[in-house]
Amino acid sequence: MNYWPLAGIAIVVLGFALRFNPLLVVVSAALATGVLAGLDPVAVIEALGKAFNDNRYISVTWIILPVIGLLERYGLQQRARGLIEGMQGATMGRLLVAYLAFRQLASALGMKDIGGHAQAVRPLVAPMAEAAAVKTHGDLPEDARDEVKAMAAATDNVGLFFGEDIFFAIASILLIQGVFEAAGYPLTPLELSVWAIPTALAAFAIHSWRVLALDRRLGRAGQ
Amino acid sequence: MITYEWLYVLAGAAFAIWAALSAKDRRWGNAAFWALLAVSFFFGSHMSDLANGVLVLALVAIAGLGGLKRSDPPTTSPEERQAHAARLGNRLFLPALVVPLTAVVGTLLYNYTPLGETGLFEARRETLILFGIGVLVAMLATMVWLRPPLMAPAQEGRRLIDSIGWAAILPQMLAALGAVFALAGVGDIIGGVARGVIPEGSVFLTVVVFAAGMALFTMIMGNAFAAFPVMATAIGIPLLIQTYGGNPAVIGAVGMLAGFCGTLLTPMAANFNIVPAALLELKDQNAVIRQQVGTAVPLWAVNVLIIYIGAFLLWN
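The shown structure was predicted, so the numbers you read here are calculated from the model rather than taken from an experiment. (Residues numbered from 1 in each chain as written. Chains lettered and ligands numbered in written order. Predicted model: local features only at pLDDT ≥ 70, side-chain atom pairs only at ≥ 80, totals over all residues.)

Caption draft 1: Fine view of the overall build of chain A. Counting secondary structure elements, chain A contains 11 helices and 0 strands. Shown N-terminal to C-terminal, the secondary structure of chain A runs as helices and strands in the order α-α-α-α-α-α-α-α-α-α-α. Against the globule reference of 17 Å for 223 residues, chain A gives a C-alpha radius of gyration of 22 Å, more extended than a compact globule. Projected onto the principal axes, the alpha-carbon positions of chain A cover approximately 70 × 40 × 30 Å. (Helix = DSSP H or I, 4+ residues; strand = E, 2+ residues; numbered from the N terminus. Rg over C-alpha atoms; globule rule 2.2 N^0.38 Å.)

Caption draft 2: Here's a closer look at the interface of chain A and chain B. Counting from both sides, the interface comprises 104 residues of chain A and, opposite them, 123 residues of chain B. With 11 residues, the single largest contributor to the side of chain A that touches chain B is helix α3 (residues 41–54) of chain A. Looking at side-chain class alone, the side of chain A that touches chain B contains 72 nonpolar, 20 polar and 12 charged residues. (Contact = placed C-beta atoms within 7 Å. Nonpolar A, V, L, I, M, F, W, Y, C, P; charged D, E, K, R; others polar.)

Caption draft 3: Structural view of the domain arrangement of chain B. Parsing chain B into structural domains produces domain 1 (1–166) and domain 2 (185–313). Taking only C-alpha atoms into account, the centre of domain 1 of chain B sits 31 Å from that of domain 2 of chain B. (Domains from an automatic or database assignment.)

Caption draft 4: View of the domain arrangement of chain A. The domains assigned to chain A are domain 1 (4–54) and domain 2 (67–222). Placing a centre on the C-alpha atoms of domain 1 of chain A and another on those of domain 2 of chain A gives a separation of 34 Å.

Caption draft 5: Examining helix α2 (residues 22–36) of chain A more closely. Helix length check: α2(A) (15 residues) gives 21 Å between terminal C-alpha atoms against 21 Å at 1.5 Å per residue, within 8%. Across the 15 residues that make up α2(A), a large majority, 11, are buried. Among all positions of α2(A), only Pro22(A), Leu23(A), Val25(A), Val26(A), Val27(A), Ala29(A), Ala30(A), Leu31(A), Ala32(A), Thr33(A) and Gly34(A) are buried. Packed against the buried residues of α2(A) are α1 (7–17) and α3 of chain A together with α3 (49–64), α8 (170–184) and α9 (186–197) of chain B. Once α2(A) ends, the next one or two residues include Gly38(A), with phi positive near 90°. (Expected span 1.5 Å × (residues − 1). Buried ≥ 20, exposed ≤ 12 C-beta atoms within 10 Å, placed from the backbone.)

Caption draft 6: Focus on the nonpolar core. In terms of nonpolar packing, the biggest core is built from 195 residues, with Ala129(A) and Val180(B) touching the most fellow members. Looking at which element gives the most residues to this core, the answer is helix α11 (residues 224–243) of chain B, with 14 residues. Residues contacting Ala129(A), with those up to four places away along its chain left out, are Met92(A), Leu95(A), Leu96(A), Val148(A) and Ala152(A). (Core = buried A, V, L, I, M, F, W, Y, C linked by C-beta atoms within 7 Å.)

Caption draft 7: Geometry of helix α7 (residues 117–137) of chain A. Residues and elements named next belong to chain A. The terminal C-alpha atoms of α7 lie 25 Å apart, and with 21 residues this falls more than 12% below the ideal 30 Å at 1.5 Å per residue. The sharpest bend along α7 comes to roughly 35°, located at valine 125, with the proline proline 127 sitting one to four residues further on. Directly after α7, the chain includes glycine 138, whose backbone phi takes a positive value near 80°. (Bend = angle between axes of the 7 residues up to and from the residue.)

Caption draft 8: Focus on the confidence of the model for chain A. On average, residues of chain A score 90 in pLDDT, and 98% of them are at 70 or above. When the elements of chain A are averaged for pLDDT, helix α5 (residues 76–85) of chain A gives the smallest value, 83, and helix α8 (residues 142–164) of chain A the largest, 96. (pLDDT = per-residue confidence, 0-100.)

Caption draft 9: Structural context of unusual backbone geometry. Residue and element names in this part refer to chain B. Its identity is not glycine, yet arginine 26 carries a phi of approximately 60°, on the positive side. Look at glutamate 281: it is not a glycine, yet its phi comes out positive at around 55°. Since 10 C-beta atoms lie within 10 Å of it, glutamate 281 is described here as exposed.

Rendered as structure tokens:
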């Protein structure tokens, strides 16, 4: 068996690791893989062009940007901050569980750019979680504060990753659809996105439990 | 009948406007990149495969040479936004909700009422087409409600698409890479290796290897999108679906989510794991990943069970 086409995977790994432009990495990998499999270079470019053209519907979802941008012009982000700020009170654990639910729900409805590390975690979620932890457990050492802040960032990631796929018009769902359709299994985006719900519920349960466990552990350490 | 071609014309129009506004702003790299994408949407179906391939190479050349830059189209100041947000309140979320509601309710109506018999939409394309309709409805409603300048949606959209930059077409490009991998037989090779590892006839172990491969490839590449075409064509489709008769929707959707568990574990996914550690000025660069391990590992195991139960036990 000819194992040379696997060099394409090595190119992807190396290229991403060396921080080349990912589009450049992907296309280099495609060309190398095709040529090493013994295909004519022109045929590889044709195959790439055909596949790119067949998968245009993945990029169609950007037509939503004018709507989101327009709402941002009128303070969508600021309103989302207001909602998060309204969550304060109670403990660090409850605050982060509430933010997790908010992030998952917003992502599931297609508003995945509400939240995020620069927009929400650094200015809002992390300081609020830290303040709540100090309020319940008294002054905390630097390491414990870092743990709380890191958990705030982790909560944002978990909420986004395991909420966004419930929204069907998202790149990952359409990529799945594209790969399966090319293999002869036509699926609809909605058929795929409903199967993101069980994992979303499990993610909420597991991560909430972990956030609350961290809160309890900080309490024990403070005594 | 409304087909994807209608959506492509809509998307082509959006990218053409962004290209024109970029040109007016003398951002030639952005103008060329979005113009090529507009050409792809408008004329891609009528161009030869080679012409489409050359178009791809041109897009990559512009992005690879750093031709795409962020832009700052006219918009409101943070103070104005704060004032608008206070005045408009939670009603601001409504137009954004119109889009998923149109698509989901429309899809359900179309599939479970006689509406489907009208054949209004191309088969199995109704959800994305309804998404496009939802976008138009939401935009119209917002324009009527808030009365911004006429060019505001185009300029605000350009602000966002320029901030996304070349990453906007990365998923589409990765899907194309998957197709070339399939043509070159990469899936067959890895599938062959995997078949050597997995005991013949064990559905559960095959699910474990598929989900583990998704997570590991995602950790190596930093991106579940890049891992998915490889693992789907190597194990997901030939073994789980064709040999063992599993449910394709579950294997695809939850397989991707098993990859997302890998994203939580890798410094390669810098945007999610390393950048926040820097933003929050944490001493340990990997502090965020450390907090994620305890969620990602059990959640990965849950995904294995969901695939095994949903795609096999409940399906057969």
